[in-house]
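For reference, the chains in residue letters:
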Amino acid sequence: MERTSSLQDSSRINLSPARILIVDDNPKSLKILCDLVASFGARAITVANDGLQAKSLLTQARFDLLITDAFMPDLDGYDLVRWLRARPSDEERTTPVLIVSAHTREEEIAKGRDCGANFMIAKPISPATLLEKIFWISNNEQKFLVCPGYVGPDRRRRDLGPPAGLAAGRRRNDPASFGDLDAVLKPQEALPL
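Rules of the game
- Residues numbered from 1 in each chain as written.
- Predicted model: local features only at pLDDT ≥ 70, side-chain atom pairs only at ≥ 80, totals over all residues.
- Heavy atoms only, no water.
- pLDDT = per-residue confidence, 0-100.
- Contact = heavy atoms within 4.5 Å.
- Pairing = 2+ DSSP bridges.
- Helix = DSSP H or I, 4+ residues; strand = E, 2+ residues; numbered from the N terminus.
- Axes fitted to C-alpha atoms, helices over the stretch in contact; angles between N-to-C directions.
- Phe/Tyr/Trp six-rings, centres within 6.5 Å; stacked < 30°, edge-to-face > 60°.
- Buried < 20%, exposed > 50% of the residue type's maximum accessible area, 1.4 Å probe, protein only.
- Lys NZ or Arg CZ within 6 Å of the ring centre and 35° of its normal.
- Parallel < 35°, antiparallel > 145°, perpendicular 65-115°, else oblique.
- Left-handed = near helix turned anticlockwise from the far one by under 90°.
- Nonpolar A, V, L, I, M, F, W, Y, C, P; charged D, E, K, R; others polar.

S.K.: Honestly, the confidence of the model for the chain in this entry has me stumped. Any pointers?
M.R.: Parts of the prediction with low pLDDT should not have their coordinates interpreted in detail. Overall, the prediction assigns the chain a mean pLDDT of 80, with 73% of residues at 70 or greater. Note on residues 6-11: pLDDT is under 50 here. Beyond four places in sequence and across chains, it has 20 contacts. Within the model, the stretch residues 170-188 combines pLDDT values under 50 with 24 contacts to residues more than four positions away or in other chains.

S.K.: Before we go on, may I ask you to explain the sheet that holds strand β5 (residues 119-122) in this structure?
M.R.: Strands pair in a sheet through their backbones, by hydrogen bonds, and they do so in one of two ways: parallel or antiparallel. Strand order in the open sheet formed by five strands is β2-β1-β3-β4-β5, and the pairing between neighbours is parallel. In this open sheet, the two strands that pair with only one neighbour each are β2 (44-48) and β5. Each strand axis lies, on average, 20° off the axis of its neighbour in the sheet, ignoring direction. Where strand β1 (residues 19-23) and strand β3 (residues 65-69) come together, four bridges link them in parallel fashion. What sits directly across from Leu21, in β3, is Leu66.

S.K.: For this particular structure, what's the right way to read the packing of aromatic side chains?
M.R.: Aromatic rings considered in pairs are described by the distance between their centres and by the relative angle of their planes. Going through the model one piece at a time under the given rule, you end up with two aromatic pairs. On the basis of an interplanar angle of 75° and a centroid distance of 5.8 Å, the ring pair of Phe71 and Tyr78 is categorised as edge-to-face. Looking at Tyr78, the relative accessible area reads 0%, which means it is buried. Between Phe119 and Trp136, the ring centres sit 6.1 Å apart and the planes meet at 80°, which makes this aromatic pair edge-to-face. On the criterion of sequence distance, the pair formed by Phe119 in strand β5 and Trp136 in helix α6 (residues 127-139) is long-range, its members being 17 residues apart. Over the aromatic face of Phe119 sits the side chain of Lys133, whose NZ or CZ is 4.8 Å from the ring centroid.

S.K.: I'm lost on the pairing of β3 in this one. Help?
M.R.: Counting buried residues along β3, five of its five residues qualify, which places the element largely inside the surrounding structure. Here β3 shows a buried face lined by Leu65, Ile67 and Asp69 and a second buried face lined by Leu66 and Thr68. Where β3 meets strand β4 (residues 97-101), four bridges bridge the pair, whose relative direction is parallel. Looking at β4, one finds that Leu66 is bridged to Val97.

S.K.: Which parts of the structure should I look at to understand the packing of helix α2 (residues 51-60) against helix α3 (residues 77-85)?
M.R.: Working note: a packed helix pair is described by the angle between its axes plus the distance between those axes. Between α2 and α3, the shortest axis-to-axis distance is 10 Å and the interhelical angle comes to 20°. Classified by the angle between their axes, α2 and α3 sit roughly parallel to one another. In this structure, α2 meets α3 at a crossing whose hand is right-handed. Residues Gly51, Ala54, Lys55, Leu58 and Thr59 of α2 touch α3, and the partners they reach there are Leu80, Trp83 and Leu84. Residue classes in the contact of α2 with α3 are distributed as five nonpolar, two polar and one charged.

S.K.: When you look at the side chain of Asp154 in this model, what are you seeing that I'm missing?
M.R.: With respect to the helices and strands, Asp154 occurs in the loop between β7 (150-153) and α7 (179-184). Setting aside chain neighbours within four positions, we find Asp154 in contact with Gln142, Lys143 and Leu145.

S.K.: Explain the packing of α3 against helix α5 (residues 106-115) to me, please; I cannot follow it from the model alone.
M.R.: Two numbers describe how α3 lies on α5: the axes approach to 9 Å, and their chain directions differ by 15°. One way to sum up the angle between α3 and α5 is to call them roughly parallel. Between α3 and α5 the crossing geometry is left-handed. Each of Tyr78, Val81, Arg82 and Arg85 in α3 lies in contact with α5, whose residues at this interface are Glu108, Lys111, Gly112 and Cys115. Broken down by class, the residue content of the contact of α3 with α5 amounts to three nonpolar, one polar and four charged.

Below you can see the structure in the form of structure tokens.
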């Protein structure tokens, strides 16, 4: 299934037509995220003050990008992403997701990966890092996996390198072996994002 997204409108990022949902229970963090995304040209920004409000918004409208805080009361960012990835339609569940968190210990990053987020970003957020992750999502031909125990973007990409136009980053020297991951993930479907 082809995924159509306003994030893919040009070889450069054109965020003006993209519908972006930003979720954070901290008003200051929410404003910073909104200001950053608006500074990249986004105009259709919707905000939610918690995961439950975001869940409601995601059932009412389709978004091209979800940026959520990891830790919120009632429904945290990880559970929000798990819920999104379990949605019945591919259009809904393939929405790209960035999780932001002040806690980026190894176990938190693994939790973000395992829930199906595209990327985890550490707070305080660097505008360059946020833009780089949005650029990566919009320009990378990454598959979307649906298999027992995992629904989300295909993680087997270390040997592919960054998308065209993006300089090699900190993971450029990661080993290209995916034997363990391939043994665990037996995709039932692989959909282009």
